Amino acid sequence: MLPRCNRFSVVWTVLVVGLIFASPVRAGETDVSAPFPGLIRLYQDYISPVDGHRCPMAPSCSTYANRCIQKHGLLIGWIMGLDRWVRCGRDEVKTASQVWIKGKKYTFDPVENNDFWWSDK
Amino acid sequence: MNRALGGILLGLLLVVPVNGFPADVVIVDAQRQYQLAQTLFEEKEFSAAAHEYIRFVHLFPRHERVAMARYNTGVAFFYAGQLEDARRHLQRMAARFSDAGLATDAMFKLSEVHMAMDNPGLAVSVLRNLITLSRNGEVRDRACFIIGWLLLDNADDLKSRSDYAVYPVREAKKYFSMISPEGEKKYRMADTMTSLNTIDQLKQKRPAVAGGLSLIPGGGFFYCERYRDALVSFLLNTSLMFAAYQSFENDNEFLGGVISFVEAGFYAGNVYGSVASAHKFNKGQKKGFIDRLKQDYRVNHDAVSFQPGFVNNGVALMFKYDF
């Protein structure tokens, strides 16, 4: 019999691995009913309008993460999304090109700018 | 009585002309049809102009201006933004290549159409064919010059496409070196090549080193001169690691697990972002270099302006180069 904390770790690991690899979302698909894209939609539909749109990047971090997941699957999409979250509004502003959307300046940082070195899609 | 009435009616029918309104008759001759297309083109009604050129070719298929009309059709569609139609018409002309005709211009224009369709690989292929087919030194020089710049402008795009697995900068140098001595003077190739040879001396970041350094969170970003990203990455990752450690230490496995899961993502993101930053740094360096080179030495071949028109009752095409 495993000790209590180890049992929990096993359950947690199975849950995480299951979430990542058993997700219906795979590269190229656009199933927003999967856990992560669903959470992103939830954030975009209910939290972001109340919280206010403050992301200085285009596309916004949540849209970027969603596109990464749709393009590269859940695991890589999740990693790319978190990487973007760290970079949001910082050094990228100095290096990337700027675009004007509805009279406001944004830093243009699409998925293609961050996967060009390994993805042909 | 009836005979007399019949005779009067017959007389009237014979007297009244069958064609009572001769002013309504429009006779379209080749000159007028072509002029209409030209006028529409000059008024920037490109789509309408293209269709009038097509009508001209249909109505006067043996006219001496048919080749010009076909070419103009492609150009008009190009300016109208109907790129697929432009491609189709110019491709047809290019297929009947001869150095004397307009096929050369059609091939140059076709390469522009492919570029506009975001297909630099095909644009280069068309110009390569032109170099193979043409015996005209000036045409070959111009094609080599444009290919060189196309390859430089689209270096990363072409390199990433499996159907064009070449090293674009090296290929560009190859095409520049194929330009004749006369062409070299015209296009200032000696200066361009001297500058281009310094591309290897550009400051570069090695993605593998960035990835290795990112094992310490933020190290890769720091290496790529992204100091703010480095600081945020370091603070965020170390904080989450510490929080996870504390949670496990306090027997709070659930919280520790959740934090570890999130931290694993941030840590992987830090490694990914570092490698990507090195690639972006190198790409930016190359782009900056090529932009400076373009500013200093490039003959503006993109500004080839097309002006169809009549000169002394003949047809003339003018290509203008901005030096």
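Residues numbered from 1 in each chain as written. Chains lettered and ligands numbered in written order. Predicted model: local features only at pLDDT ≥ 70, side-chain atom pairs only at ≥ 80, totals over all residues.

**Looking at the overall build of chain B**
- The helix and strand tally for chain B stands at 16 helices and 4 strands.
- Scored against the burial criterion, the 323 residues of chain B give a buried share of 36%.
- Pairs at least 24 apart in sequence give 51% of the contacts found in chain B among residues at least 6 apart. (Helix = DSSP H or I, 4+ residues; strand = E, 2+ residues; numbered from the N terminus. Buried ≥ 20, exposed ≤ 12 C-beta atoms within 10 Å, placed from the backbone. Contact = placed C-beta atoms within 7 Å.)

**Focus: the sheet that holds strand S2 (residues 98-101) of chain A**
Residue and element names in this part refer to chain A.
- Spatial strand order, S1-S3-S2: 3 strands in an open sheet with mixed pairing. Looking at strand neighbours, the two that pair on one side only are strand S1 (57-58) and S2, the edges of this open sheet.
- With 4 bridges connecting them, S2 and strand S3 (residues 104-108) associate as antiparallel partners. Looking at S3, one finds that Ile101 is bridged to Lys104. (Pairing = 2+ DSSP bridges.)

**Considerations on the environment of Arg206(B)**
- Structurally, Arg206(B) can be placed in the loop between helix H12 (189-196) and helix H13 (207-213).
- Sequence separation between Arg206(B) and Phe281(B) is 75 residues; the distance between their C-alpha atoms is 9.6 Å.

**Looking at the interface of chain A and chain B**
- Contact with chain A, which involves 19 residues of that partner, is made by 26 residues of chain B.
- Elements with a contribution of two residues or more to the side of chain A that touches chain B: helix H1 (4-21), helix H4 (74-87) and helix H5 (91-95) of chain A.
- If you tally residues by element for the side of chain A that touches chain B, the top one is H4(A), at 7 residues.
- A class-by-class count of the residues in the side of chain A that touches chain B yields 11 nonpolar, 3 polar and 5 charged. (Nonpolar A, V, L, I, M, F, W, Y, C, P; charged D, E, K, R; others polar.)

**A few points about the packing of H4(A) against helix H16 (residues 253-297) of chain B**
- Where H4(A) meets H16(B), the closest approach of the two axes is 8 Å, and the angle between their N-to-C directions is 75 degrees. One finds that H4(A) runs roughly perpendicular with respect to H16(B). Across the interface between the two elements, Trp78(A), Ile79(A), Met80(A), Leu82(A), Asp83(A), Val86(A) and Arg87(A) of H4(A) pack against Gly265(B), Phe266(B), Ala268(B), Gly269(B), Asn270(B), Tyr272(B) and Gly273(B) of H16(B).
- When the residues that make up the contact of H4(A) with H16(B) are grouped by side-chain class, the tally is 8 nonpolar, 4 polar and 2 charged. (Axes fitted to C-alpha atoms, helices over the stretch in contact; angles between N-to-C directions. Parallel < 35°, antiparallel > 145°, perpendicular 65-115°, else oblique.)

**Examining the nonpolar core**
- Of all hydrophobic cores here, the largest spans 47 residues; its most connected members are Tyr53(B), Ala106(B), Met107(B), Leu127(B) and Ile147(B).
- Sorting the residues of this core by element identifies helix H2 (30-42), helix H3 (46-59), helix H4 (66-80), helix H5 (83-95), helix H6 (103-116), helix H7 (120-133), helix H8 (137-153) and helix H10 (168-177) of chain B as the ones contributing at least two each.
- Non-local contacts of Met107(B), meaning those with residues more than four positions away in its chain, are made with Ala94(B), Val126(B) and Leu130(B).
- Among the nonpolar cores identified, the runner-up in size contains 32 residues, and Cys61(A), Tyr64(A), Phe221(B) and Ala278(B) belong to it. (Core = buried A, V, L, I, M, F, W, Y, C linked by C-beta atoms within 7 Å.)

**Quick notes on the pairing of S3(A)**
- With 2 bridges joining them, S1(A) and S3(A) adopt parallel strand pairing. For Ala58(A), the partnering residue across the bridge sits in S3(A) and is Phe108(A).

**Things to note about the confidence of the model for chain B**
- Across chain B, the average pLDDT comes to 84, with 81% of residues at 70 or higher.
- Overall, residues 302-323 of chain B carries pLDDT values under 50, and its contacts beyond four positions in sequence, including any with other chains, amount to 20 contacts. (pLDDT = per-residue confidence, 0-100.)

**What to know about the environment of Val124(B)**
Residues and elements named next belong to chain B.
- By the secondary structure assignment, Val124 is in helix H7.
- Since 26 C-beta atoms lie within 10 Å of it, Val124 is described here as buried.
- When the C-alpha positions of Val124 and Glu112 are compared, they lie 9.8 Å apart, and in sequence the two are 12 residues distant.
- Every residue in contact with Val124, bar those within four places of it in the chain, is listed here: Ile147, Leu150 and Leu151.

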